[in-house]
Amino acid sequence: MCGIVGYIGRRDATPVLIQGLKRLEYRGYDSFGIATVGSAIEVYKKNGRISDGEAGVVGLRGCTGIGHTRWATHGEPSDLNAHPHTDCSGRIAVVHNGVIENYGELKRQLAGRGHTFRSETDTEVIAHLIEEHYDGDLLAAVNATLPLLRGSYAVLAIAEDTPQIVAARDASPLVLGVGDAEIFAASDMTPLLEYTERVIFLEDGDVADLAPGRYTVYHGGQTVERPIELINWCVEDTRKGGFAHYMLKEIYEQPQSFYETIRAGIDEHVRQMVMEADEITLVACGTSYHTALAFKYLAEPLCNIPVRVEMGSEFKYFTPPLRGLAIAVSQSGETADTIAALKMAKARNCPTLAITNMQGSTVTRVADETLLMRAGPEIGVAATKSYTAQLAALMEIVNLRCEGAFDDVLSHAHLAIGDVLLQDINEAVALCSKAEHVFFVGRGAFYPVSMEGALKMKEISYVHAEGYAAGELKHGPFALLTPETPVVAVCTPGPTYGVMASNIKEMKARKAPVIALGVAGDTELAEIVDIFIPIPNTHLLVQVLTASVVLQLLAYHTACALQRDVDKPRNLAKSVTVE
Ligand code: M6R
């Protein structure tokens, strides 16, 4: 949560920072702010979205600056709680992503020594601690401050009259961009794409001293060399490209991102790891948890391997006995709970694999091996193309364990995904946008597909939705079925078709309107439901993909019909870096 950005070089820092913050806004968007080193430290910070408040930054001068876009943890969203935070004298400014767990105690001590606090944030203590150690040497003051902090941080600090940024990370991401006589710092690569493809992923415990065109990285007080890596994304990927929302663009990019992920294949180390496993445990959160669960429903029957799926947030406190390969699935690679679970699996000597979209992210550093998805930057808060790219990576694993039995299915799946993008779902959208509650049901692999359909619906349209294994509905939730409660059921040919059809009839008997996703030409199913949405009659692996894409579109268009802020749903952030 929260995005930070820094710039030092020859350009006017303000537009670089604002543009960078807009790219990071998916990480949090309740307030924003920047500080530049002009003749003094100049700060502008504002509650609300960047697009609503950016006019206020006009007049901030200097070629050195830092910025922040916030997802509030300590203190409500407000002008005062927005970052940057300054010391008592206003000579030092900091932005911070993470949580300072001992800020209460530090704040009491600092207040006792005469410091005046203006915000309710944990971050402000950092500015005051740096102030206490500052005698003109910012690097030394930051170095003296960091050991006093408990928790997680990516911090950027500036001081007046000094063309310098000191950057530090511990358990929160921070990337440097190396340009021509200019250096950038950011929570992820997206703000850098416009300016450079050369990046350095800082490690936990690193402190970097940034000056125009020069940087030095320290670890444990010693200078260290960190490799410069090349970014495999381009700036066009971060633009809306004529679509009304990033989410719609990203839904439409799925044939390509799925295909690219399949095409990239699995490298030899990962292959070996997967083939040697006699049991697999996946850890993930949110949408990534749903892809992991879909993997279980596919891999256990198709490859006959036991698969356990654990929520990252539960794993830490209720760690199961672990055997075999542990896989962390995370679009961002920065989800705190998933990282913690991955570390625990590693500590228990499991071989570990990260499936992520983010080159250089924390999970790639923790896991023994990485399988990189090729979804490109996903800006909409709701996961769409990263979901199907995760499925691509996981289906590749299924295929590998099945000795390539699904080579043909997977290499053509993107075509079927492309077909369903054109599916007419207007009637279903009209029904869902009038509803207060919607149920999504399916069996087998369509159970996690239904959970994901419900998650998409609730997070962007705010219509209450539940994803259920179809057979569970009559063990309680049936009490909620009324003519105003649509049920979206995925029912395709296979061993559960008959029982799904019976379930649908039971729902109809309670007068719930049923929207069914079934294979094209299934007139029998079409006759018993209110709205029938056909998906291509293909292999189960492909049906999982196409049904998911239809449910993404259903959520998207329902949210649009209800005039929701599709790309930035309330209270959310894309990357959940706190527990
Ligand atoms: O980056 P991750 O995949 O680890 O994120 C996990 C969840 O926060 C994420 O999947 C979230 O549920 C989706 N953005 C919802 O659409």
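Because the structure is predicted, anything quoted here is derived from the model rather than measured.

S.K.: Explain the side chain of T291 here, please?
M.R.: Turning to its location among the elements, T291 is positioned in helix 9 (residues 286-303). Among all residues touching T291, those that are not within four sequence positions of it are V329, Y387, Q390, L391 and L394.

S.K.: It is not clear to me how helix 15 (residues 426-434) should be interpreted in this structure. Could you clarify?
M.R.: One turn of an α-helix holds 3.6 residues; hence residues three or four places apart share an orientation. Every buried residue belonging to helix 15 is among A428, V429, C432 and S433, and all of these are buried. Projected down its long axis, helix 15 shows its buried positions confined to an angular sector of 125 degrees, all on one face. Residues of helix 15 that are exposed and point more than 90 degrees away from the buried face comprise N426, E427 and K434. On its buried face, helix 15 is in contact with strand 21 (437-442), helix 16 (446-461), strand 24 (514-519), strand 25 (531-535) and helix 19 (540-561).

S.K.: Hey, could you run me through the pairing of strand 21 in this one?
M.R.: Looking along a regular strand, one sees side chains alternate from face to face of the sheet. Here strand 21 lies mainly inside the structure; 5 of its 6 residues are buried. Summarising the sheet, strand 21 and strand 22 (residues 464-469) pair through 6 bridges and their orientation is parallel. Each bridged residue has a counterpart across the sheet, and for F439 the counterpart in strand 22 is E466. In the classification by handedness, the crossover that spans strand 21, the intervening helix 16 and the parallel strand 22 is right-handed. Across 3 bridges, strand 21 lies against strand 23 (residues 487-490) in parallel orientation. Note that in strand 23 the partner of F439 across the bridge is V487.

S.K.: For this particular structure, what's the right way to read the side chain of T362?
M.R.: Checked against the element boundaries, T362 lands in helix 12 (residues 362-366). Relative accessible area serves as the criterion here: at 7%, T362 is assigned to the buried category. Side chain to side chain, T362 and E334 meet in a polar contact 2.5 Å long. Setting aside anything within four residues of it in sequence, one finds T362 in contact with R169, G333, E334 and I339.

S.K.: Explanation requested: the state of the cysteines in the structure shown.
M.R.: Covalent bonding between the sulfur atoms of two cysteines defines a disulfide. Applying the stated rule across the entire model yields 0 disulfides. A disulfide-free cysteine, C432 has its sulfur positioned 14 Å from the sulfur of C560, the nearest such atom. Accessibility expressed as a relative area gives 0% for C432, which makes it buried.

Scoring rules and cut-offs
Residues numbered from 1 in each chain as written. Predicted model: local features only at pLDDT ≥ 70, side-chain atom pairs only at ≥ 80, totals over all residues. Heavy atoms only, no water. Helix = DSSP H or I, 4+ residues; strand = E, 2+ residues; numbered from the N terminus. Contact = heavy atoms within 4.5 Å. Buried < 20%, exposed > 50% of the residue type's maximum accessible area, 1.4 Å probe, protein only. Arc of directions from axis to C-beta. Pairing = 2+ DSSP bridges. Right-handed = clockwise from strand over helix to strand, strands pointing away. Polar contact = N/O pair within 3.5 Å; in protein donor to acceptor, adjacent residues only side chain to side chain. Disulfide = S-S within 2.5 Å.

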